[in-house]
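Fold and contact review
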Amino acid sequence: MYTMASRSPAVRGRAERRRTARRAARRRNRSRMRELPVITVVALAIALLLKTFLVQLFVIPSGSMQNTIDIGDRVVVDKFTPWLGSQPQRGDVVVFKDPGGWLEAGPQNASDGPVLRGVKDAFSFVGLLPSDNKQDLIKRVIGIGGDTVACCDGRGRVTVNGVAVDESYLAPGNVPSQRPFNVTVPSGRLWVMGDHRDVSADSRYHMSDPGHGTVPLANVVGRAVAIAWPLSHIQRLGAPTSLSSLPAAAGLGDGQQFAGRNPLPAQQPRTVGVLGIVPIPVRRWRASLRRGLPTG
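What you see is a predicted model; the values in this text were computed from it and never measured. Residue positions are given per chain, counting from 1 as you read along its sequence in written order. Whole-chain, interface and lining totals are the exception, using all residues; otherwise, since this is a predicted model, local features are given only for residues with pLDDT of at least 70 and side-chain atom pairs are given and counted only at 80 or more. Computation of side-chain values covers all heavy atoms of the structure but excludes hydrogens and water.

What follows covers the nonpolar core. To form a nonpolar core, buried Ala, Val, Leu, Ile, Met, Phe, Trp, Tyr and Cys residues must be joined to one another through side-chain atoms within 4.5 Å. Partly exposed residues are those whose accessible area sits between 20% and 50% of the maximum for their type, while under 20% is buried and over 50% is exposed, using a 1.4 Å probe and protein chains only. Counting residues in hydrophobic clusters, the biggest one holds 16 residues, and the most contacted among them are Ile142, Val149, Phe181, Trp191 and Leu243. For the purposes of this entry, the term helix denotes a DSSP run of H or I that reaches at least four residues, the term strand denotes a run of E that reaches at least two, and both are numbered from the N terminus. Where this core is concerned, the elements lending two or more residues are strand 5 (148-151), strand 6 (158-160), strand 8 (181-184) and strand 9 (189-193). Counting residues in hydrophobic clusters, the runner-up holds 13 residues, among them Phe58, Ile60, Val95 and Ile138.

And the structure:
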């Protein structure tokens, strides 16, 4: 028969173990709380590095690239290979900063208080939220430095260095251009056009601006390599062979006179919103992207 005295050491032992376990749990919780700010800072630093040097996700707010890229699509932009000296080529879809006068800065949300505005600015800086004052656009490269881009030939097609381009990626019902133009792209610049020509205020629309509608290579943020969202739109964005296979230009030029009046797009371009970052590096395999990919 057990007495109270014989049971008390075991009882005291269990109670002590419970107290020890509770103390250990409190220490772990305190340790986690101390580590949380460090983890947060490290995560934000990694996010900023990814956004700056590797890849970034952009949300498309307008229809200038339909039907290749639709309104609201999220596109993955390769920002890594430009750091290695890679330059956009004909047919690439690129995101670039406003060369000047292509976009108007939209007003900030006046209903946001200073604290909320500060938080939004901080998250926009690291790429976790769209920025209210981002000045980025997305278009397709039609001509690179030295190319002579013109429209239209006898069959109404755009020509690059005298070669007619089969633009199967154009939005249904669109013609290559509703206005004639003939320009030699200066070295270090790009001639860009939207796939939805009827609503795209692209290089054609800014031929009277400084730069005559061409975009400096320095303004290119990166190359759009894929549509990541929505699921029904997921696809890689390759350069169509009708553009990528064109021969190089014979020489560089300073640009020529532009004829005709400005197009009247039904929809002005809007800034490409920065949505977030993709936490994986993307390495461009240009040759593989250009073989057997859909043209839009």
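A few words on the pattern of salt bridges. The term salt bridge refers to a pairing of a side-chain nitrogen on Lys or Arg with a carboxyl oxygen on Asp or Glu at a separation within 4 Å. Enumeration according to the criterion identifies 7 salt bridges in this entry. Note that Arg140 is salt-bridged to Asp195, the shortest N-O span being 2.8 Å. Highlighted residues: Arg140 in strand 4 (residues 136-143) and Asp195 in the loop between strand 9 and strand 10 (215-216), separated in sequence by 55 residues. Note on accessibility: Arg140 and Asp195 belong to one class, buried. A salt bridge links Arg197 to Glu167; the shortest N-O distance between them is 2.6 Å. Remark: Glu167 occurs in the loop between strand 7 (163-164) and strand 8 and Arg197 occurs in the loop between strand 9 and strand 10; sequence separation between them is 30 residues.

We now examine the confidence of the model for the protein chain. Of all residues in the protein chain, 60% have pLDDT values of 70 or greater, and the mean over the chain is 74. pLDDT measures the predictor's confidence residue by residue and takes values from 0 up to 100. Looking across the protein chain, the model is least confident in helix 4 (residues 286-290), with a mean pLDDT of 41, and most confident in strand 9, with 97. Across residues 105-110 the pLDDT falls below 50, and counting only partners more than four positions away or on other chains, this stretch makes 5 contacts in the model. Across residues 252-269, where pLDDT falls below 50, the model places 46 contacts with residues more than four positions away in sequence or in other chains. The contact definition used throughout considers only heavy atoms, calling two residues in contact when any of these lie within 4.5 Å.

Patch building starts from residues that exceed 30% relative accessible area and form no salt bridge, then joins like charges within 9 Å and nonpolar side chains (Val, Leu, Ile, Met, Phe, Trp, Tyr) within 5 Å. Note that accessible areas follow from Shrake-Rupley with a 1.4 Å probe, and for residues the cover is restricted to the protein chains shown. Taken together, Trp229, Leu231 and Ile234 make up a surface patch of nonpolar side chains, about 350 Å² in accessible area. Position of Leu231 relative to the elements: it lies in the loop between strand 11 (220-229) and strand 12 (235-236).

Turning our attention to the packing of aromatic side chains. Two rings from Phe, Tyr or Trp (for Trp, the six-membered ring) form a pair when their centres are within 6.5 Å of each other. A pair whose planes differ by under 30 degrees is stacked, one over 60 is edge-to-face, and the rest are tilted. By the definition in use, this model includes 2 aromatic pairs. Ring centres 5.6 Å apart and planes at 90° place the aromatic pair Phe96 and Trp102 in the edge-to-face group. Given the relative accessible area of 5%, Trp102 is considered buried. We call a charge positioned over a ring when the NZ of a Lys or the CZ of an Arg lies within 6 Å of the ring centre and within 35 degrees of the ring normal. Across from the ring centre of Tyr169, 4.3 Å away, lies the NZ or CZ of Arg140, which sits over that ring.

In what follows, a disulfide is any cysteine sulfur pair within 2.5 Å. Tallied over the entire structure, the rule returns 1 disulfide. Here Cys151 connects covalently by a disulfide to Cys152, the sulfurs 1.9 Å from one another. Handedness of the Cys151-Cys152 disulfide follows from its S-S torsion of about 65°: it is right-handed. Residue class for Cys152 comes out partly exposed when judged on its relative accessible area of 37%.

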